[in-house]
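# Breakdown of the fold
Listed below are the residues making up each chain.
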Amino acid sequence: QVQVVESGGGLVRPGRSLRLSCAASGNFVSISSMGWYRQGPGPQRDMVATISSGGIENYADSVKGRFTISRDNAKNAVDLQMNSLRPEDTARYYCKVIAVTNYMTRLQYQYWGQGTQVTVSS
């Protein structure tokens, strides 16, 4: 059982900044990677940024240069600093955790938070 909780969403004006936070807790051996995904008006959920346990970062083209993902392995947490926000960034942002829950099999499973709403509007 792994619990994933996001925080930091809200209503902001274009050009402003927000910082989202995500923390994982529960029974797991280790976390392989953590990331942020978002779902706008449509049904699809798109990758925004991910970071592996080794610190390898990956960003969607639409957020490169504006968003920065960071991790705190000791706290099993990941943040997303969002700068120069645009109306098209409006979405519900979800944190995804890929964790190993069994030290013998080393099997990995993904866990999702409930999401936090980000609305960029004037």
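These lines cover the structure that appears in this document, whether it is placed above or below. Note that the structure is a prediction, hence the values are computed from the model and not measured.

### Description of the pairing of strand β7 (residues 67–72)
Relative to strand β8 (residues 77–82), β7 runs antiparallel, the two sharing six bridges. Note on β8: the bridge partner recorded for T68 is Q81. Connecting the antiparallel pair β7 and β8 is a turn made up of four residues, with N76 showing a positive phi of about 50°.

### Looking at the pattern of salt bridges
For the structure shown, the criterion picks out four salt bridges. In this structure, R19 and D79 form a salt bridge, with 3.1 Å as the shortest nitrogen-oxygen distance. A residue pair is termed long-range when its members are at least 10 positions apart, and R19 in strand β3 (residues 18–26) and D79 in strand β8 qualify at 60 residues. Between K64 and D61 there is a salt bridge, with the nearest N and O atoms lying 3.1 Å from each other.

### Describing the state of the cysteines
Applying the stated criterion to the full structure yields one disulfide. Put simply, C22 and C95 are joined by a disulfide, and their sulfur atoms are 2.0 Å apart. Its S-S torsion of approximately -80° makes the covalent link between C22 and C95 left-handed. Taken as a pair, C22 in strand β3 and C95 in strand β9 (residues 91–100) lie far apart in primary sequence, 73 residues in all. Residue classification places C95 among the buried residues on the basis of a relative accessible area of 0%.

### Things to note about the side chain of S32
Tracing the sequence through the fold places S32 in strand β4 (residues 30–39). A polar contact of 2.9 Å, which involves the side chain of S32, links it to the side chain of Q108. Among residues more than four places away in sequence, those in contact with S32 are S52, S53, I98, A99, V100 and Q108.

### As for unusual backbone geometry
Phi at N76 is positive, roughly 50°, even though this residue is not glycine. Assignment of secondary structure puts N76 in the loop between β7 and β8. A relative accessible area of 24% means that N76 is categorised as partly exposed. Here R106, not a glycine, exhibits a phi torsion of approximately 60°, which is positive.

Conventions we followed
Residues numbered from 1 in each chain as written. Predicted model: local features only at pLDDT ≥ 70, side-chain atom pairs only at ≥ 80, totals over all residues. Heavy atoms only, no water. Pairing = 2+ DSSP bridges. Helix = DSSP H or I, 4+ residues; strand = E, 2+ residues; numbered from the N terminus. Salt bridge = Lys/Arg side-chain N within 4 Å of Asp/Glu carboxyl O. Disulfide = S-S within 2.5 Å. Buried < 20%, exposed > 50% of the residue type's maximum accessible area, 1.4 Å probe, protein only. Polar contact = N/O pair within 3.5 Å; in protein donor to acceptor, adjacent residues only side chain to side chain. Contact = heavy atoms within 4.5 Å.

Just geometry here; none of it tells us what the structure is for.
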